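Chain by chain, the residues run as shown.
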Amino acid sequence: MYRKDALIDVGLFRQDRATEDISAAWDHQLNGWISIFAPDITFYTAVPETAKSLYQQRKRWAKGGTEVWLTNFKSVFLHPFKNFGLTLMFIDQTLSIIWSFLFWILTFFLLIITAKMIITQKFASLVHLLTTALVFICFEMIAGILQLLTSLVIDNNRQKFRYLLFAPLYMLIWWIMNALTIVVTFIPAIQTILGYGSGTWISPKRN
């Protein structure tokens, strides 16, 4: 919900942003408006039911997130303590973008090194390399389990613990998808900021 005065103060919604609500939220806070969380309000949404629909949704969210990051870079960088909460969010987004690019770059080098070891028949080194990679993957899965477990404990009904069985695989796929969408939408986000993009999007199909 938005106050009319707040929307007018920031020039209404940006028409060329993929996630106009997040963009408006940043504009509000940079102009001194306060966003308040209302925990007692309940609403329902229809989520994407296929991997393709989920990917399309995440692409829009990733593009919108990068657009917000680029739009507010100067404001946050020049005044890091004026809106300290936004600075923390900005740092988090920056690290997410860097991590996404490093993930795919290092994955590419991992595949090259693996292929080289297979060709040169250095199987002992290959086993050591893959074991090390799997250890890091396990740490990611453990972090995902802890995150999901926390949300299931907080859930009022506490009837969703069966989902915990799928947590490791779910979190791994979820993180990979997030990293992919950030990378593939990075250039389109820059084009939007330069005036060559559009905020128009098509909602994923839902039943």
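Undergrad: An account of the packing of aromatic side chains is needed here, citing residue identities and associated values.
TA: Any two aromatic rings considered together are summarised by their centre-to-centre distance and by the angle between their planes. Across all of its chains, the model carries nine aromatic pairs by this definition. Judged by centre distance (4.9 Å) and plane angle (85 degrees), the rings of F103 and W104 are edge-to-face. Summarising the aromatic geometry, the rings of F108 and F109 are spaced 5.8 Å apart at their centres and angled 70 degrees between planes, so their arrangement reads as edge-to-face.

Undergrad: Account for the pattern of salt bridges, naming residues and giving values.
TA: Applying the stated criterion across every chain, the model contains two salt bridges. Across the pair D5 and R3 runs a salt bridge, and its minimum N-O distance is 4.0 Å. For D5, a relative accessible area of 47% gives the class partly exposed. Look at R3 and you get exposed, because its relative accessible area is 54%.

Undergrad: Residues and numbers for the nonpolar core, please.
TA: Within soluble globular proteins, side chains that are nonpolar generally end up buried alongside one another. By size, the foremost hydrophobic cluster in this structure holds 10 residues: W26, A62, V68, W69, V76, L86, F90, I97, I182 and F186. Elements that contribute at least two residues to this core include exactly α3 (51-71) and α5 (84-119). Apart from residues lying up to four places away in sequence, W69 is in contact with F90, Q93, T94, I97 and F186.

Undergrad: So what's going on with the environment of F186? Residues and values would help.
TA: Along the chain, F186 falls in helix α8 (residues 186-193). Judged by relative accessible area, F186 falls into the buried class, the value being 16%.

Reading the values: the criteria
- Residues numbered from 1 in each chain as written.
- Predicted model: local features only at pLDDT ≥ 70, side-chain atom pairs only at ≥ 80, totals over all residues.
- Heavy atoms only, no water.
- Phe/Tyr/Trp six-rings, centres within 6.5 Å; stacked < 30°, edge-to-face > 60°.
- Salt bridge = Lys/Arg side-chain N within 4 Å of Asp/Glu carboxyl O.
- Buried < 20%, exposed > 50% of the residue type's maximum accessible area, 1.4 Å probe, protein only.
- Core = buried A, V, L, I, M, F, W, Y, C linked by side-chain atoms within 4.5 Å.
- Helix = DSSP H or I, 4+ residues; strand = E, 2+ residues; numbered from the N terminus.
- Contact = heavy atoms within 4.5 Å.

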